[in-house]
Amino acid sequence: EQDAAEWRASKQIVVVGKDVPKPCLTFEEASMPEYILSEVLKCGFQSPTPIQSQGWPMALKGQNTVGVSATGSGKTLAFLLPGMIHINAQPYLKPGEGPIVLVVAPTRELAVQIKEECDKFGKSSDIKNTVVYGGVPKSKQIRDLQSGTEIVIATPGRLIDHLDQGNTNLKRVTYLVLDEADRMLDMGFEPQLRKIVSQIRPDRQVLMWSATWPKEIQGLARDYLGEYYQVTVGSQDL
Ligand code: ADP
Ligand code: MG
């Protein structure tokens, strides 16, 4: 405990929550399955970034989690790798069933970036993903959505279009990620986010990621996360 506290302090990691799990200082300590560990090591990464070291054990406990840290600090893998482990612990999807993991992101560029990480780290366990965003025709997205995809990465507006048209559903979603939550609120997506979350079963795990932690997001977290762990890296007004 003492070690964990000292290490957090040295990395400017602040945690909130009951029985916060210890951070993992190395990839091995993160107790990730071999198929994920091998992909991470292939990237040549030396060690988990601070948000990963504390975010992974939180997310792997199945708890609602808020992670706040600067852009470029490794938040994508912080939520993605536990999401893949979550998927591999579920029965396989049948074609036509909706995703198990849903990642909502503010922009097409970011959604595509997350998709690329999904491709890379999901390859070894054959996890399928689909990215949907606006400004392009829906037909290919519909085919992908209906082929039995475990991860959907989506911008809010286009996801709602697909849901309204019955092209997919959120009945099987048990791991919801709101990435760049601060930006999504800045862009006025709060009504869309609320509509999306209202279609997801209550026993879901929700993870919110953000570079900042303003009042508006705190409200969203209170409404949707109930009790949650929070990890903040670097200086933030809490
Ligand atoms: P954020 O979402 O916090 O802005 P990203 O997840 O986009 O940050 O990560 C930024 C970059 O850091 C990416 O190129 C990613 O591949 C790289 N990265 C992620 N984890 C690690 C790590 N443990 N060690 C080194 N680089 C990493
Ligand atoms: Mg990011």
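Please refer to the structure higher up on the page.
Residues numbered from 1 in each chain as written. Chains lettered and ligands numbered in written order. Predicted model: local features only at pLDDT ≥ 70, side-chain atom pairs only at ≥ 80, totals over all residues. Heavy atoms only, no water.

Caption draft 1: Region of interest: the pattern of salt bridges. Tallying each qualifying case throughout the model produces ten salt bridges. A salt bridge links Asp223 to Arg194; its shortest N-O distance comes to 3.0 Å. You can see Asp223 sitting in helix H10 (residues 215-225) and its partner Arg194 sitting in helix H9 (residues 190-197), a full 29 residues away along the chain. By relative accessible area, which is 47% here, Asp223 ends up partly exposed. Overlapping salt bridges bring together Glu190, Arg194 and Asp223 as one network. (Salt bridge = Lys/Arg side-chain N within 4 Å of Asp/Glu carboxyl O. Helix = DSSP H or I, 4+ residues; strand = E, 2+ residues; numbered from the N terminus. Buried < 20%, exposed > 50% of the residue type's maximum accessible area, 1.4 Å probe, protein only.)

Caption draft 2: Just the packing of helix H7 (residues 156-164) against H9, in detail. Axis separation between H7 and H9 bottoms out at 10 Å; the angle between their running directions is 40°. Our classification of the angle between H7 and H9 gives oblique. As for the relative orientation of H7 and H9, their crossing is left-handed in sense. Here Pro156, Leu159, Ile160 and Asp164 of H7 come into contact with H9, specifically with Gln192, Leu193, Lys195 and Ile196. In terms of residue class, the contact of H7 with H9 is made up of five nonpolar, one polar and two charged. (Axes fitted to C-alpha atoms, helices over the stretch in contact; angles between N-to-C directions. Parallel < 35°, antiparallel > 145°, perpendicular 65-115°, else oblique. Left-handed = near helix turned anticlockwise from the far one by under 90°. Contact = heavy atoms within 4.5 Å. Nonpolar A, V, L, I, M, F, W, Y, C, P; charged D, E, K, R; others polar.)

Caption draft 3: Layout of the nonpolar core. Core analysis: the largest hydrophobic core is formed by 44 residues, its most contacted members being Trp56, Phe79, Leu81, Met84, Ile114, Ile151 and Ile153. For this core, the element with the highest residue contribution is helix H4 (residues 75-88), accounting for eight residues. Ignoring any residue separated from it by four or fewer positions in sequence, one finds Ile153 in contact with Val103, Ala111, Ile114, Lys115, Cys118, Asn129, Thr130, Val131 and Val132. Judged by nonpolar contacts, the second largest core, of 31 residues, contains Val66, Met184, Leu185 and Phe189. (Core = buried A, V, L, I, M, F, W, Y, C linked by side-chain atoms within 4.5 Å.)

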